[in-house]
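# Inside the fold
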Amino acid sequence: MRKTLTVAWREFRHTAITKAFLFGAIIVPILMMALFILVIPLMKSNTTPLKGTVAIIGANDVIEEIQHQLIIGDTKLKELTEQLPDIIKNDPLASSMMSQSSTPKTDIEIISTDVDTIETIKQQVQDGDLAACIVIPESLLQSTDSEEQIGVYIPSSFSPNHTDILTSATSRAVVDVRLERLGHDPENIRALTKRPRTFATRIADDGAEAEDNEIARHIIPMAFMLLLWIATFTSGNYLLTTTIEEKGNKVMEVLLSAVSPMQLLAGKILGQAGVSAVILCMYGSAAIAGLVAFAMMDLVPISHLLL
């Protein structure tokens, strides 16, 4: 047993008490977090208005509906944002990203054209005379079983956000035109099919009530599972690396002359288990400190942390 512990301490010291381990386990995550904080402002979506002329090949009613959808696009985004859970809306990082990804306003002119001029329209899009061209087959307005697709032709320099504006507005317009042709009001249909929001309240043993944080209850176990995965694979990588080095340097034969193979293997596993424990303590302590700071410690039972 003493030899096994000696091998374990040597393995732990050789792995954990080194500059490389400190750099990889502490400094690298800090640098990654700092880089992430610096990159977030650069992830701003293109909020410049969509300007220009868009040619649409389709029925008159769907063209009018596309114009309507482009006008109410910002309103729909605000409605969806308001329906998000409070934990997301109150989170500084999430709210910052949502504000950055707001839909750009549109300042476009829509013209109707004929399918026979499709090649000329494509050339105008390529030359920059038109912002885009949208082709809506009539079969899509008549039946949902049609295998045809909506065609959106844009120049190579077109912004992805602007593309999303046109494609989403066109898709919504096609659905609304189908409903209108069947004599239904699209707004009423959406209101009827809108699922009501629910909330759960947890009642503690002392009778205190608190709103259930469902999203956090899903995310936090996954985070601790990821932490365990990182610790396991990190120590496993160190174990493989040191074993290969000792085998290549002929140190393994010298060690086996002093200890048995079982003692050597058990010592190495125990040493790397200690390395995993150090990683778990470092990152786990930071995670627990975050839970305590946000008053969310009740989401992680102490018994689970011990396990």
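## Some words on the overall build of the protein chain
- The helix and strand inventory of the protein chain stands at 13 helices and 6 strands.
- Within the protein chain, the proportion of its 307 residues that are buried is 26%.
- Here the contacts in the protein chain between residues at least 6 apart in sequence split such that 74% fall between residues at least 24 apart.
- A total accessible area of about 20300 Å² is found for the protein chain, and carbon and sulfur atoms account for 63% of it.

## Topic: the environment of glutamate 64
- By the secondary structure assignment, glutamate 64 is in helix H3 (residues 60-82).
- Among the residues examined, glutamate 64 registers a relative accessible area of 53% and is labelled exposed.
- Sequence separation between glutamate 64 and valine 177 is 113 residues, and the spatial gap between their C-alpha atoms is 9.6 Å.

## Digging into the confidence of the model for the protein chain
- Here the protein chain shows a mean pLDDT of 78. Residues at 70 or above account for 82%.
- Every residue in residues 99-103 is under pLDDT 50, and counting partners more than four places away or in other chains gives 13 contacts.

## A short note on the pattern of salt bridges
- In total, this model carries 6 salt bridges according to the counting rule given.
- Between glutamate 11 and arginine 10 there is a salt bridge; the shortest N-O distance is 3.7 Å.
- Judged by relative accessible area, which is 1%, glutamate 11 ranks as buried.
- Taking the shortest distance from any N to any O, the salt bridge between arginine 181 and glutamate 138 comes out at 2.8 Å. Within this pair, whereas arginine 181 is found in helix H8 (residues 160-181), its partner glutamate 138 is found in helix H7 (residues 138-142), the two being separated by 43 residues in sequence.
- Three or more residues are tied together by salt bridges with common partners; here these are Arg10, Glu11 and Lys268.

## Considering the side chain of lysine 268
- Positionally, lysine 268 belongs in helix H12 (residues 261-293).
- Lysine 268 sits in the buried class, given a relative accessible area of 4%.
- For lysine 268, the contacting residues outside a window of four places in its chain are Val7, Glu11, Leu239, Thr242, Thr243 and Glu246.

## A short note on the pairing of strand S1 (residues 50-57)
- Burial within S1 is extensive, with 6 of its 8 residues counted as buried.
- Where S1 and strand S3 (residues 132-135) come together, 4 bridges link them in parallel fashion. Across the sheet, residue valine 54 finds its bridge partner in S3, namely alanine 132.

## Thoughts on the packing of aromatic side chains
- Inspection of every chain in the model, using the stated rule, returns 2 aromatic pairs.
- Summarising the aromatic geometry, the rings of tryptophan 229 and phenylalanine 233 are spaced 4.7 Å apart at their centres and angled 35° between planes, so their arrangement reads as tilted. Here tryptophan 229 pairs with phenylalanine 233, and both are found in helix H10 (residues 214-248), just 4 residues apart, close to one helical turn.
- With a relative accessible area of 48%, tryptophan 229 lands in the partly exposed category.
- The exposed category is assigned to phenylalanine 233, whose relative accessible area is 52%.

## Some details on the packing of helix H1 (residues 2-16) against H12
- Following both chains from N to C, one finds H1 and H12 inclined at 45°, their axes separated by 7 Å at the closest point. Taken as axis vectors, H1 and H12 run oblique relative to one another. Considering only the axes of H1 and H12, their crossing is right-handed. Counting all contacts with H1, which are made through Lys3, Thr4, Val7, Ala8, Glu11, Phe12, Thr15 and Ala16, the residues of H12 involved are Gln263, Leu264, Ala266, Gly267, Lys268, Leu270, Gly271, Gln272, Gly274, Val275 and Val278.

## Comments concerning the packing of H1 against H10
- Where H1 meets H10, the closest approach of the two axes is 11 Å, and the angle between their N-to-C directions is 105°. In terms of orientation, H1 and H10 fall into the roughly perpendicular class. In contact with Arg10, Glu11, His14 and Thr15 of H1, H10 contributes Tyr238, Leu239, Thr242, Glu245 and Glu246.
- Within the contact of H1 with H10, the residues separate by chemical class into 2 nonpolar, 3 polar and 4 charged.

## Structural notes on the pairing of S3
- Every second residue of S3 is oriented toward a common face, with Ala132 and Ile134 on one face and Cys133 and Val135 on the other, all of them buried.
- Relative to strand S4 (residues 151-153), S3 runs antiparallel, the two being bridged by 3 bridges. Counterpart to cysteine 133 in the pairing with S4 is tyrosine 153.

## Looking at the nonpolar core
- Ranked by internal contacts, the top residues of the largest apolar core, which has 21 residues, are Val54, Ile56, Val62, Ile66, Ile136, Leu141 and Leu166.
- Listed by contribution, the elements that provide at least two residues to this core are S1, H3, S3 and H8.
- Excluding residues within four positions of it along the chain, isoleucine 56 makes contact with Ile63, Ile66, Ile110, Ile111, Ser112, Thr113, Ile134 and Ile136.
- The next biggest cluster of nonpolar side chains, apart from the first, holds 8 residues, and it includes Ala55, Ile118, Leu130 and Cys133.

How each quantity is defined
- Residues numbered from 1 in each chain as written.
- Predicted model: local features only at pLDDT ≥ 70, side-chain atom pairs only at ≥ 80, totals over all residues.
- Heavy atoms only, no water.
- Helix = DSSP H or I, 4+ residues; strand = E, 2+ residues; numbered from the N terminus.
- Buried < 20%, exposed > 50% of the residue type's maximum accessible area, 1.4 Å probe, protein only.
- Contact = heavy atoms within 4.5 Å.
- Areas by Shrake-Rupley, 256 points an atom, 1.4 Å probe, with all protein chains shown as cover.
- pLDDT = per-residue confidence, 0-100.
- Salt bridge = Lys/Arg side-chain N within 4 Å of Asp/Glu carboxyl O.
- Pairing = 2+ DSSP bridges.
- Phe/Tyr/Trp six-rings, centres within 6.5 Å; stacked < 30°, edge-to-face > 60°.
- Axes fitted to C-alpha atoms, helices over the stretch in contact; angles between N-to-C directions.
- Parallel < 35°, antiparallel > 145°, perpendicular 65-115°, else oblique.
- Left-handed = near helix turned anticlockwise from the far one by under 90°.
- Nonpolar A, V, L, I, M, F, W, Y, C, P; charged D, E, K, R; others polar.
- Core = buried A, V, L, I, M, F, W, Y, C linked by side-chain atoms within 4.5 Å.

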